Amino acid sequence: MTPTIRQLSRYAAAICMVAAAFLLRIAIEKLTGPVLPTYITFYPCVMFTALVLGLGPGLLATFASALLADYFIVTPYVLGHWGIGEAASLTLFSGMGVIMTLVANRYNRIRDRLETLVEERTGKLRRAKEEWETTFDSIPDLIAIMDDQHRIIRVNRAMAEHLNLESAQCIGKSCFSVMHGTETPPSSCPHTRSMSDCKEHVAEVHGTSFSDTFLVSATPLLNTQGRAYATVHVARDITELKRTEKTLLEKEERLQLFIGHAPAALAMFDREMRYIHVSNRWRSDFGLGERDLIGVCHYDVFPEIPEQWREAHRRGMAGEVLKVETDRFERADGTVQWVRWEIRPWRDPSGNIGGIVIFAEEISERMQTEELLRFLGICSGSDSEEGFFQELARYLAQALNMDFVCIDRLEEGNLSARTLSVFHNGQFEDNVSYALKDTPCGDVVGQSICCFPENVRGLFPRDDVLQDLQAESYLGTTLWNTQGKPIGLIAVIGRQQLTDTRIAESILQIVAVRAAGELERRLYEEALQQKELALKKSHDELEHRVVERTNALADTVETLLTEISEREKAESGLLRLNRLYAVLSETNQAIVRISDRDTLFQDFSRIAVKEGGFLLSWVGVVDEMSGKVQMLAASGATAYLDAIQITANEEQNGEGPTGISIRTGTYCICNDFQSDPRTRPWHEKGRTHGIKSSASVALKDNKRVIGALTLYAGEKDFFDKQHVDLLVQMGKDISFAIDNMNREERRQAAEKALQEETIKRLQAIESLRRQELVMIQQNRHAAMGEMIGNIAHQWRQPLNTLGLFTQSLGFFYGSPSFNKEFLDTSVAKSMEIIQYMSRTIDDFRNFFSTEREKSEFKADDAVRKALSLVEAGFKECQITINLETREHAIIYGFPNEYAQVLLNLFLNARDVINERNVESPCLKISIGTEHAVSVVTVSDNGGGIPEDIIEKIFDPYFTTKGPQQGTGVGLFMSKTIIENNMGGRLSVRNTEEGAEFRIEV
Amino acid sequence: MNQKQPLSILLIEDEEDACEIIGSMLTMAYPNANIYTATNGKTGLGIFITHKPLIVITDINMPEMNGDQLLQEISKINPDTRFIVITAHSDRQNLDKISSTGIAAELIPKPVDFMALVTSINRSIAA
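To keep things clear, this report deals only with the structure shown in the data block. (Residues numbered from 1 in each chain as written. Chains lettered and ligands numbered in written order. Predicted model: local features only at pLDDT ≥ 70, side-chain atom pairs only at ≥ 80, totals over all residues. Heavy atoms only, no water.)

### A few points about the state of the cysteines
By definition, a disulfide is the covalent link that joins the sulfur atoms of two cysteine residues. Scanning all chains against the criterion turns up 0 disulfides over all chains. Summary of cysteine pairing: Cys 670 of chain A is not part of a disulfide, and the nearest cysteine sulfur, belonging to Cys 668 of chain A, is at 7.0 Å. (Disulfide = S-S within 2.5 Å.)

### Thoughts on helix H2 (residues 42-53) of chain A
Residues and elements named next belong to chain A. Taking 1.5 Å as the rise per residue, H2 with 12 residues should run 16 Å; its terminal C-alpha atoms sit 15 Å apart, in good agreement. Of all the positions in H2, only Phe 42, Cys 45, Val 46, Thr 49, Ala 50 and Leu 53 are classed as buried. Looking down the long axis of H2, one finds its buried residues gathered within 125° of arc, a one-sided arrangement. Buried residues along H2 sit against helix H1 (3-32), helix H3 (55-74) and helix H4 (84-138). Downstream of H2 by a residue or two, Gly 54 has a phi angle that is positive, lying close to 105°. (Helix = DSSP H or I, 4+ residues; strand = E, 2+ residues; numbered from the N terminus. Expected span 1.5 Å × (residues − 1). Buried < 20%, exposed > 50% of the residue type's maximum accessible area, 1.4 Å probe, protein only. Arc of directions from axis to C-beta. Contact = heavy atoms within 4.5 Å.)

### Details of the interface of chain A and chain B
Each side of the interface is counted separately: chain A has 17 residues, and chain B has 26 residues. Taken together, chain A and chain B are joined by 2 salt bridges. With its nearest N and O atoms 3.2 Å apart, the salt bridge here joins Lys 829 of chain A to Asp 17 of chain B. Applying the counting rule to chain A against chain B returns 8 residue pairs in polar contact (both at pLDDT 80 or more). Put simply, the parts of the chain that give the side of chain A that touches chain B at least two residues each are helix H22 (721-812) and helix H24 (859-876) of chain A. (Salt bridge = Lys/Arg side-chain N within 4 Å of Asp/Glu carboxyl O. Polar contact = N/O pair within 3.5 Å; in protein donor to acceptor, adjacent residues only side chain to side chain.)

### Comments concerning the pairing of strand E1 (residues 8-12) of chain B
Residue and element names in this part refer to chain B. Taken across its 5 residues, E1 has 5 buried, putting it largely inside the fold. Covered by surrounding structure in E1 are Ser 8, Leu 10 and Ile 12 together with Ile 9 and Leu 11, the residues of both alternating faces. With 5 bridges joining them, E1 and strand E2 (residues 34-38) adopt parallel strand pairing. Bridge assignment links Leu 10 to a residue of E2, and that residue is Tyr 36. Viewed along the sheet, the connection from E1 through helix H1 (residues 16-29) into E2 turns out right-handed. Bridge count between E1 and strand E3 (residues 55-59): 4 bridges; the pairing is parallel. Paired with Leu 10 across the two strands is Val 56, which belongs to E3. (Pairing = 2+ DSSP bridges. Right-handed = clockwise from strand over helix to strand, strands pointing away.)

### Structural notes on the nonpolar core
Most often, soluble globular proteins have nonpolar side chains that are buried together. All names here are of chain A. The biggest cluster of nonpolar side chains holds 48 residues, and the ones touching the most others in it are Tyr 898, Leu 902, Phe 906, Phe 997 and Ile 999. For this core, the elements supplying multiple residues, two or more each, are helix H23 (820-848), H24, helix H25 (895-916), strand E26 (922-930), strand E27 (933-940), helix H26 (970-981), strand E28 (985-990) and strand E29 (995-1000). The element best represented in this core is H25, accounting for 11 residues. The residues contacting Leu 902, other than those within four sequence positions of it, are Ala 862, Val 863, Ala 866, Val 936, Val 938 and Ile 999. (Core = buried A, V, L, I, M, F, W, Y, C linked by side-chain atoms within 4.5 Å.)

### Section: the pattern of salt bridges
Residues and elements named next belong to chain A. Using the criterion set out here, one finds 48 salt bridges over all chains in the structure. Arg 315 is the partner of Glu 320 in a salt bridge, and the nearest nitrogen-oxygen pair spans 2.6 Å. The exposure class assigned to Arg 315 is partly exposed, which follows from its relative accessible area of 35%. When the shortest N-O distance is used, the salt bridge between Arg 998 and Glu 1000 registers 3.2 Å. The class for Glu 1000 is buried, based on a relative accessible area of 18%.

### Quick notes on the sheet that holds strand E5 (residues 228-237) of chain A
All names here are of chain A. Strand order across the open sheet formed by 5 strands is E2-E1-E5-E4-E3, with antiparallel pairing between neighbours. Here the strands that pair on one side only, and so sit at the sheet edges, are strand E2 (152-155) and strand E3 (201-206). Within this sheet the neighbouring strands show an average axis-to-axis angle of 25°, counted without direction. Pairing of strand E1 (residues 142-147) with E2 involves 3 bridges; the strand directions are antiparallel. Its bridge partner lying in E2, Ile 145 is registered against Arg 154. Across the face of the sheet, H4 comes into contact with E1 and E2 while running at roughly 90° to E2. (Axes fitted to C-alpha atoms, helices over the stretch in contact; angles between N-to-C directions.)

Keep in mind these numbers describe shape, not what the thing actually does.
This is the structure we're talking about:
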């Protein structure tokens, strides 16, 4: 049915309903009369229609009802034509009809929505239930829900199947009867406990068959009061799990057993290097005892593990497999272990590295054994027995780490021993004999091995050696000969306890066998030697005579043979070397003859070609900057050298004989010029000139290579060893000549420089002398000026007096007092004055006359003489002269020069007194002798010489006076006169008042 | 000047001969005058204090007491005293000393010209 038709049928049904209501109205009206309300049946009709058929049919019913009622009931068969009441009724009906329709429509929509909703919810609920049931049934665990009476409320399929029942069959049955086949619940049942305390409980329960094991959990279901009314009983079959677990445990135990008893040091570590497994061997090798290692960090157990091992562990963790055959492990207590180790990573099931396994083999013993074998191997090859015992002693000391080793042979019926080798503290000691009584060695004899690991000193208190050594441990073994008799012993003594006696003993036993063999052989040889000695003696004499004769004969033959071979050699050499000797000889002559280098080179080149028959000979010098070799002289086929390029640098043009000989500073031979790769640049040119071989020798100047001489020959293999020797000799000769020439040049240069220097010096001396002359002249001038001044002083007074005498003659003439007596007196006095003046001049003249020879004179005289020349001047300056003669001194020397010195000192004193305006000036002269030497001191009170110049006052040209007054020569000359001319001494010092000059002659 | 007092001259000269000759010549030249002679400054000063002579003739370079000191001492005692100083050319220093004292003095160079000395004495008397 299409929707349109369904719609139309609904409208038709509405019409029908209205018709039915109308008919019902009519029927009721017929029964009850016309008082019936107009619309009584239509109200329910419209209501019903709207409810059942919907909005459209409802409205149609309302309209149709109103129309029908108006036409047939209000005013029959008339439409409209209403009174107010009727209109109101109609309107009310219509309104009510519409409202009812709308309400019904609304109601219908709500109902429809509710229905849809309910339907949806119901569907979901159903699906959830189905899902839950599916899930419940598909869970492999056995699930049952049970009430407080252990009755089954529900089971899942797995449970039902397990019980071989349908689910429904289980309901209501008690669980223990169904599950365990018992009358009462099992004691372990978690359900009972869950019900009582409302908490979940888990228990392992065995099923009907003993092999089955279940893990049962009971979870209580609580009602609203919080009381448990049932439990969910979940049983998981863990039989397989249990079995696996058991297997694993067994495997683990087996692994533990396997690792633990492995005959190797094995340890397994996790990523943090904590022990997981460890073998017993590991414990014993590294001295770990029984302590619990599992879970302990390796580095806590061995803090001494070196960094490179830690690094190896890290690399192992990174997946590497590492292996070292021999490695040294120094333990914290200082002992050394040798180990061979291997590190492998292990992986967890997911393939990640879970840690490492270390395999470590303690090979110290093996190392020692190897060492022992090696040692014995070496010794087998050794010839000297003495050496063997020494080596053995040294080896034992090192191998067993002991301080003292001695190897003895037994003597005197095994009561004493003589050492064959004593090794103590790293040194061998002299061999001695000692008594075996009261020594551990005495105990050793007759036993295979004797060991005192500790306190050996206490055990043998009478053994001084042990006491001296501070011995603690002792190990000894007997050396047996092949007949089984003791012939010697080995004793090893240490200052520390012997911990591992086993290895030590075995080493000692092994070496003992070897040592015994050696000792026996030696003893045997000794016996044999003694027997042989006698035999040999008689034999020797005969032998000796034969040998003498044989030697004499052999000598003769030898001499003859040598002579012959030498002669042959000499002859061939002579022939071959003749030419080169000629060259050498000529060259040496040239060297003697020639004094400059270029001519020497020229001559050499010429001689080599002329006398030596060389094709070409040339001398080249190397330019130090560029390395180019420049031709200085050449002779022979010089065309070869035209535009040739040769250097001493390391390049192709420097690889020829010339370049090489210059570079190396020796010589270079090229015996096959045409095919030698070194001479490649010159092959073509050489062929043109027929050069087949060449040789070059470096030339040196004072050990520095300056160039080379190069010779070219027209034959291949021209230069043999002797040629080379000669060439080298020639190079040396020429170098020597160059050296000589240079030396000569240098000597000449030095001589010239010396000459120039000498001339300069002479000039300097000359100029100095001239200066000195000038100075002396100046001094003389000054002295003369001084003297003239002095003469003036000396003469002034007498001249005045003389003048007065002369004037008085005229003045008194004619007066009574002018008589003969007056005249005589005047003349006499005048003459006296004139004599005095004349003497003064003589004094001065004498004073400056030079003396040729020394003479003896009195110091007093000299002083007086000098004073006489200056006293007038001193008087004028008010200077008091204080002359003190303590002793009369005789001086041998030049009196005038001496007086000059005095004069000089006096004048200096005067000058300084005047200059400094000294109060009551005074000059003090003292004459005396000291130790047979005349001493004259001249002192003033002028204040002295400043200390800073007192050292310099005797220097030439030193003056404190201005340039007009002093020349600075006076004191210098004075010192020269006293010290140089008269061998005396002139010195100065400052007194409290002034300077004091002291003349000692 | 007190005319009634006789003229008195003090001569101080350390050279005895010269002193004697000049003394005798002065006695000859001034017969009414009192002539005193001394051969050193100290004696000369003693004589001056005793006799207060009008004119003092003195050598300048003398032992015991030098000319300039003497001049100063005497002019303290009697500033009116006339001085005649006998000097050598080389006595420059001493001359400077005298001139620095501000004392007026006639100078007679050595060797002494007696007539020049007399002229100086006369000038001093007149002054």
